[in-house]
Amino acid sequence: MDNIVIEADDIVIIGFINSKSELEYTQYKAFDGGVVELDNIEKYTEEELTEILYTVNGLEIDDYI
């Protein structure tokens, strides 16, 4: 079964069947983000863009990998 995705107002809920055959879900609530100016989108890899997002949000990527 695919994930169940619900988008309502400022919440996204993702549900799935876990290994115990339960419906498990996580809620994501929207909050202000921002904009990062890039020179040329084609020169960045997905990994580099991920690192930029960690950095602008004050997170250390090594703590989450």
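Peer 1: Which residues make up the overall build of the protein, and what values go with them?
Peer 2: Per the secondary structure count, the protein includes 1 helix and 3 strands. Order of helices (α) and strands (β) in the protein, N terminus to C terminus: β-β-β-α. Dimensions of the protein, computed from the C-alpha atoms along their principal axes, are close to 45 × 30 × 25 Å. Put simply, 0% of the contacts in the protein that link residues at least 6 apart link residues at least 24 apart.

Peer 1: Hey, could you go over the environment of Glu-42 for me, with residue numbers and the actual values?
Peer 2: By secondary structure assignment, the location of Glu-42 is in the loop between strand 3 (23–29) and helix 1 (46–56). It is 42 Å that separates the C-alpha atoms of Glu-42 and Lys-20, two residues lying 22 residues apart in sequence.

Peer 1: Tell me about a negative patch on the surface, and please be specific about residues and values.
Peer 2: Together, Glu-46, Glu-47, Glu-48, Glu-51, Glu-60 and Asp-62 make up a negatively charged patch on the protein surface. Following the sequence through the fold, Glu-47 ends up in helix 1.

Peer 1: Can you lay out the pairing of strand 2 (residues 11–17) for me, pointing to particular residues and giving the numbers?
Peer 2: Judged from the 5 bridges that link them, strand 1 (residues 4–8) and strand 2 form a sheet pairing that is antiparallel. The partner of Ala-8 across the bridge, within strand 2, is Ile-11. Connecting strand 1 to the antiparallel partner strand 2 that follows it, the hairpin turn spans 2 residues, and Asp-9 within it adopts a positive phi of roughly 50°. Bridge count for strand 2 against strand 3 is 7 bridges, and the pairing is antiparallel. If you follow Ile-14 over to strand 3, its bridge partner there is Thr-26. What sits between the antiparallel neighbours strand 2 and strand 3 is a turn of 5 residues, in which Ser-21 has the positive phi angle 60°.

What counts and what doesn't
- Residues numbered from 1 in each chain as written.
- Predicted model: local features only at pLDDT ≥ 70, side-chain atom pairs only at ≥ 80, totals over all residues.
- Heavy atoms only, no water.
- Helix = DSSP H or I, 4+ residues; strand = E, 2+ residues; numbered from the N terminus.
- Contact = heavy atoms within 4.5 Å.
- Patch = residues over 30% accessible without salt bridge, like charges linked within 9 Å, V, L, I, M, F, W, Y side chains within 5 Å.
- Areas by Shrake-Rupley, 256 points an atom, 1.4 Å probe, with all protein chains shown as cover.
- Salt bridge = Lys/Arg side-chain N within 4 Å of Asp/Glu carboxyl O.
- Lys, Arg positive; Asp, Glu negative; His and termini not counted.
- Charge placed at Lys NZ, Arg CZ, Asp CG, Glu CD.
- Pairing = 2+ DSSP bridges.

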